[in-house]
Amino acid sequence: MIYSKSTIKNIAESIGIPKLKDGITTAMAQDVEYRMHEIITEAMKFMRHSKRTKLTVADINSALRVRNIEPMYGFETGQPIKFHKAASALEDIYYVEDEEIDLDTLLEEPLPSVPLEVVYTAHWLAVEGVQPRIQQNPIQVDAEAEEKGPASKRFAKAHSKSQDGVETIPLVKHVLSKELQLYFECITESLQSTDPIVKSTALESISVDAGIHQLVTYFVQYIAVTVKNNLHKLETLRTTMAVARAIRSNPNLFVEPYMHQLIPSLLTCLVSKRLCEEYTEDHWSLRDNAAEQIADICRRYGHSYHTLQSRIARTLLRGFLDPTKPLATHYGAIVGLTKLGASTVKVLILPNIKAYMSLLSTEMEKSNAQLTHDGKHCQEALLEALRVVAREESGNAEGGLEAANLNSVQKGRLSAVVGEAMAGVVFAEKDGGAIVAGVLAIGKDSKVSSGGSSVP
């Protein structure tokens, strides 16, 4: 037996159980030997799976954990354990010598440095199948630099960093092939052409080509730079908005990650105070185009970015209610909110029409042709917002209303909601009765839902 009966007796006496019978000590020694063999066999499995030939304390502890036994503490060390023999008249006893530590010396030693906290960071492993050349994704320098000669070697060396023997190039533009670079240059030149056929061909290519996914970020950057540098060039801004629409309409491109870069350019074309040289130019259609694209983005990507529409609506509402902004900005904000849907109009535009119309009337009364011209467009935008509400509430509205047949009570109720100035504009329209019915239906629904009685 490996584990002797005398060892069992010594252990029993140390815990207060003297004079064990020989039969009991023999049975216990055999059971202990079986358990030790079982643990060592389990530990050898961990050793073999770790590709080692030497059994360690960690293997024994892993085997104990598998058997749901508390592991041994105090023996986890990289150094081999040294056993010392103690002199005894009866049998050989081995022990592990404990190291004596001077507490005064230990307390006088400087404290170790505080370990860094564990943090998590995110980075792109690949974008549209292309791995960005950043520190987190080390890539060997392309072999093309070796073939192109010493000039390419110097360029690659100047734009690369060495980290742990790995060369990384942080500039994404080196990923583009020569064909894509040439394509991008040709497209941007065609977009600046005065020939409408060349320009439309370039836009059609952007909207249908399947192999330009690597150029999406470049087109988005092109849109941002062009809008910033050409704020007073209406035709250039129209072309830029057409490029944005073409990119989004291409079914082969995944543009969702770039929406946060595209939306600021669209908002600029929507609410900028000046988009052309002369106020008589048709910059209103450009603002309408930008509003349609923003609304389409909210519909398509609102499920992924839940706060997208609310943030855009908040930005447009500030532009709508700010009296220091020009009327062109007010028009863009009204159109943008209207395109977001009838619910947005009910919550954000309708409660503020009355106060806004008092401001608009004051501005239009000034002897300024531009203010009068811009004010009429703002009135038309508000009228279209009311039409959106009327179409939404057509099922709940009073049918058969005509603008000419409106009674004084209905006119008074409309004036209380939108103000007398706006009510006069509504009454002058052919579909004024439908608009009045829709607006009054909203008031009726709100009173019913709040527990009040509706006005007859």
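Looking at the environment of Val198
Tracing the sequence through the fold places Val198 in helix α8 (residues 196–208). Assessed through its relative accessible area of 32%, Val198 is described here as partly exposed. For the pair Val198 and Ile187, spaced 11 residues apart in sequence, the C-alpha to C-alpha distance is 9.5 Å. Residues contacting Val198, with those up to four places away along its chain left out, are Ser190 and Ser193.

What to know about the environment of Asn252
Here Asn252 shows up in the loop between α10 (234–249) and α11 (259–271). Considering only alpha carbons, one finds Asn252 and Ala210, 42 residues apart in sequence, at a separation of 5.2 Å. With residues up to four places along the chain from it excluded, the contact list for Asn252 reads Val208, Asp209 and Ala210. Reaching out from Asn252, the side chain makes a polar contact with the backbone oxygen of Val208 at a distance of 3.2 Å.

Considerations on the packing of helix α14 (residues 327–339) against helix α15 (residues 342–349)
Contact pair α14 / α15: the axes reach a minimum separation of 6 Å and the direction vectors enclose 135°. With respect to each other, α14 and α15 are oriented oblique. Here Ile334, Leu337 and Thr338 of α14 come into contact with α15, specifically with Thr344, Val345, Leu348 and Ile349. Along the lines of polarity and charge, the residues of the contact of α14 with α15 split into five nonpolar, two polar and no charged.

A word on the packing of α11 against helix α13 (residues 308–321)
Running from N to C, α11 and α13 cross one another at 30°; their axes reach a closest spacing of 12 Å. If you check the angle between α11 and α13, you find them roughly parallel. The hand of the α11/α13 crossing is right-handed. Contacts between α11 and α13 involve Ile263, Leu267, Leu270 and Val271 on the former and, on the latter, Leu308, Ile312 and Leu316. Residue composition of the contact of α11 with α13, by class: seven nonpolar, no polar and no charged.

A short note on the pattern of salt bridges
Counting across every chain of the model gives 17 salt bridges. We note a salt bridge from Glu38 to Arg67, for which the minimum N-O separation is 3.5 Å. A residue pair is termed long-range when its members are at least 10 positions apart, and Glu38 in helix α2 (residues 22–49) and Arg67 in the loop between α3 (57–66) and β1 (83–86) qualify at 29 residues. Its relative accessible area of 35% is what places Arg67 among the partly exposed residues.

With respect to the nonpolar core
Ranked by size, the top nonpolar core spans 85 residues in total, and within it Phe219, Ile353, Leu382, Leu386 and Met422 carry the most contacts. Of the residues forming this core, the biggest block, nine residues, is contributed by helix α12 (residues 284–301). Apart from the residues lying within four places of it in its own chain, the contact partners of Ile353 are Leu382, Leu386, Val418 and Met422.

Observations concerning unusual backbone geometry
Despite not being glycine, Lys51 has its phi angle at roughly 60°, a positive value. Along the chain, the position of Lys51 falls in the loop between α2 and α3. Classification of Lys51 by relative accessible area gives exposed; the value is 75%. Residue Asn68 is not a glycine yet carries a positive backbone phi of 60°. Turning to its location among the elements, Asn68 is positioned in the loop between α3 and β1.

Description of the packing of aromatic side chains
For the coordinates displayed, the defined rule picks out four aromatic pairs. Arranged with centres 4.9 Å apart and planes meeting at 45°, the rings of Phe320 and Tyr356 form a pair that is tilted. Taken together, the residues span a long stretch of sequence, with Phe320 in helix α13 and Tyr356 in helix α16 (residues 353–364) at a distance of 36 residues. The exposure classification of Phe320 matches that of Tyr356, with both residues buried. Connected via pairs of aromatic rings, a cluster forms that spans Phe184, Tyr218 and Phe219.

Rules of the game
Residues numbered from 1 in each chain as written. Predicted model: local features only at pLDDT ≥ 70, side-chain atom pairs only at ≥ 80, totals over all residues. Heavy atoms only, no water. Helix = DSSP H or I, 4+ residues; strand = E, 2+ residues; numbered from the N terminus. Buried < 20%, exposed > 50% of the residue type's maximum accessible area, 1.4 Å probe, protein only. Contact = heavy atoms within 4.5 Å. Polar contact = N/O pair within 3.5 Å; in protein donor to acceptor, adjacent residues only side chain to side chain. Axes fitted to C-alpha atoms, helices over the stretch in contact; angles between N-to-C directions. Parallel < 35°, antiparallel > 145°, perpendicular 65-115°, else oblique. Nonpolar A, V, L, I, M, F, W, Y, C, P; charged D, E, K, R; others polar. Left-handed = near helix turned anticlockwise from the far one by under 90°. Salt bridge = Lys/Arg side-chain N within 4 Å of Asp/Glu carboxyl O. Core = buried A, V, L, I, M, F, W, Y, C linked by side-chain atoms within 4.5 Å. Phe/Tyr/Trp six-rings, centres within 6.5 Å; stacked < 30°, edge-to-face > 60°.

Purely geometric numbers; function is a separate question.
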